[in-house]
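Report on the structure
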Amino acid sequence: MKPSRRRVIINTDAKNEADDQFAIVHGLLSPTFDVRGLIPAHFGTRRSDRSMEESREEIDLLLDLMDLTGQVTVANGAPTGIPDEQTPLDSPGARLIIEESKLASEGDPLFVSFLGPLTDMASAILLDPEIAGRNVIVIWIGGRGYNGYAADHRMEFNLSNDIPAANVVFGSGITVWQVPSDVYTKVSVSYAELEEKIGDAGPLGKYLIEQLVEWNATWHGEPIESRSLGDSPAISLMLYPHSGNFRTRPAPRFGVDGWYLPGTDNPIQVCEQVDVRFLLEDMFAKIRRFARQRSNS
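Remember, predicted model here, so these are calculated numbers, not experimental data.

**Focus on the side chain of aspartate 120**
By secondary structure assignment, the location of aspartate 120 is in helix α4 (residues 119–127). Buried charge without a partner: aspartate 120 forms no salt bridge, and the closest opposite charge is arginine 95, 11 Å away. Those residues within four positions of aspartate 120 in sequence are excluded, and the remaining contacts are Asn11, Ile39, Pro40, Ala41, Gly77, Ala78, Ser91, Ala94, Ile97 and Phe114.

**Focus: helix α9 (residues 202–219)**
Relative to the 26 Å expected for 18 residues at 1.5 Å per residue, α9 spans 26 Å between its end C-alpha atoms, a close match to the ideal helical length. All of the buried residues along α9 are Leu204, Gly205, Tyr207, Leu208, Ile209, Gln211, Leu212, Trp215 and Asn216. Buried-residue contacts for α9 involve α1 (20–28), α2 (51–65), α8 (191–198), β7 (226–228) and α11 (276–296).

**A short note on the pairing of strand β4 (residues 136–141)**
In terms of residue burial, β4 counts as a mostly covered element, since six of its six residues are buried. The alternating pattern of β4 places Val136, Val138 and Trp140 on one face and Ile137, Ile139 and Ile141 on the opposite face, and all of these are buried. Looking at chain direction, strand β3 (residues 110–114) and β4 are connected through five bridges and run parallel. Along β4, the bridge assignment pairs serine 113 with isoleucine 139. Handedness of the β-α-β unit built from β3, α4 and β4 comes out right-handed.

**Brief notes about the packing of α4 against helix α6 (residues 163–171)**
A pair of packed helices is captured by two measures, namely the crossing angle of their axes and the spacing between those axes. Where α4 meets α6, the axes come as close as 8 Å, and the angle between the chain directions of the two elements is 55°. As summarised for this structure, α4 and α6 are arranged oblique, according to the angle between their axes. The handedness of the crossing between α4 and α6 is left-handed. For the pair α4 and α6, the contacting residues are Thr119, Met121, Ala122, Ile125 and Leu126 in the first and Ala165, Val168 and Val169 in the second. For the contact of α4 with α6, the per-class residue count stands at seven nonpolar, one polar and no charged.

**Focus on the pairing of β3**
Of all five residues that make up β3, five are buried, and the element is covered over most of its length. Where burial is concerned, the two faces of β3 agree: the one with Leu110, Val112 and Phe114 and the one with Phe111 and Ser113 are both buried. Alignment of strand β1 (residues 6–12) against β3, held across five bridges, turns out to be parallel. Following the sheet pairing, isoleucine 9 is matched in β3 by valine 112.

**Section: the sheet that holds strand β5 (residues 175–179)**
As summarised here, the arrangement of the seven strands in space is β2-β1-β3-β4-β5-β11-β8, forming an open sheet in which the pairing is mixed. One side of each edge strand has no neighbouring strand; the edge strands of this open sheet are β2 (33–40) and β8 (244–250). Averaged over all pairs of adjacent strands, the angle between their axes in this sheet comes to 20°, without regard to strand direction. Pairing geometry for β4 and β5, over five bridges, is parallel. Directly across from isoleucine 137, in β5, lies its bridge partner threonine 175. Here helix α3 (residues 92–101) sits on the sheet in contact with β1, β2, β3 and β4, set at roughly 155° to β2.

**Quick word on the layout of surface pockets**
By volume, the largest pocket amounts to about 850 Å³. Lining the largest pocket are 30 residues, and of these Glu17, Arg154, Tyr184, Thr185 and Arg227 lie nearest its centre. Residue classes in the lining of the largest pocket are distributed as nine nonpolar, nine polar and 12 charged. Taken as a whole, the second largest pocket spans an internal volume of roughly 270 Å³. Forming the walls of the second largest pocket are 16 residues, and the residues nearest its centre are Lys15, Gln211, Glu214, Trp215 and Trp219. For the lining of the second largest pocket, the class distribution of residues is five nonpolar, five polar and six charged.

Parameters at a glance
Residues numbered from 1 in each chain as written. Predicted model: local features only at pLDDT ≥ 70, side-chain atom pairs only at ≥ 80, totals over all residues. Heavy atoms only, no water. Helix = DSSP H or I, 4+ residues; strand = E, 2+ residues; numbered from the N terminus. Buried < 20%, exposed > 50% of the residue type's maximum accessible area, 1.4 Å probe, protein only. Lys, Arg positive; Asp, Glu negative; His and termini not counted. Salt bridge = Lys/Arg side-chain N within 4 Å of Asp/Glu carboxyl O. Contact = heavy atoms within 4.5 Å. Expected span 1.5 Å × (residues − 1). Pairing = 2+ DSSP bridges. Right-handed = clockwise from strand over helix to strand, strands pointing away. Axes fitted to C-alpha atoms, helices over the stretch in contact; angles between N-to-C directions. Parallel < 35°, antiparallel > 145°, perpendicular 65-115°, else oblique. Left-handed = near helix turned anticlockwise from the far one by under 90°. Nonpolar A, V, L, I, M, F, W, Y, C, P; charged D, E, K, R; others polar. 1 Å grid on protein atoms, 1.4 Å probe; cavity = no way out; pocket = protein on both sides within 12 Å on 5 of 7 lines; lining within 4 Å. Points joined across faces, edges and corners; volume = space filled by probe spheres on them.

Function-wise, these values are silent; they only describe arrangement.
Here you go:
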């Protein structure tokens, strides 16, 4: 019998920016997802020496806003990147991935989406190499585009926080769906759109908007009235894989500067376009529906 729900783990550097929050909420509000756990991830030390802990606090806040405290497994990830490509960082998050991977079958894969660095996936692979042969699909929001756009000359942020981990995962042979920066940056929403779509969607909608505007005001160096919800493709691709256009590529390695180097012959799937209309409208509708249900209860 085919499964009625997709088994999903969301690994998120939730307090890094203001887009993880939308992706987490979208995933938790999707009835076809069996969310097996949320894993708080680190986001380097640029802004904090306790980034993983801050991600955990943000996840806990969202669960409280959604009346889900204690109802969703939360397993902390590693506090930093792995030191090299041979050394895992054991954590409850890595162990959760390993244990859930053992339940995957041919018709029932485990989807593990990474909205930040690949630290906990790499650690899971190094702790249990057999995971690469199981039916596990790793969706990673990360890495620069393959077409050399000018905006990609900077080191891509999620990759920069653990290059060795990306090399472990991409070199392992595990199934990878990569959503690079030239795709994920195109999922933009404006302040006006957010106010019109979810401005009256209760405390949850209010918080999502306010924390996004506050993040821009604190960290964005130019005038702006929008934000890219760059982590959200990980959710829409799990909801409906055909909402993305994929190209099969040989898995690369990543140099110390973040550029692509020749890697293995392992095929990976690189997403080159996502259905932004489907992604945003489904998310907005679910947030509004949640607010209505909560106000009527």
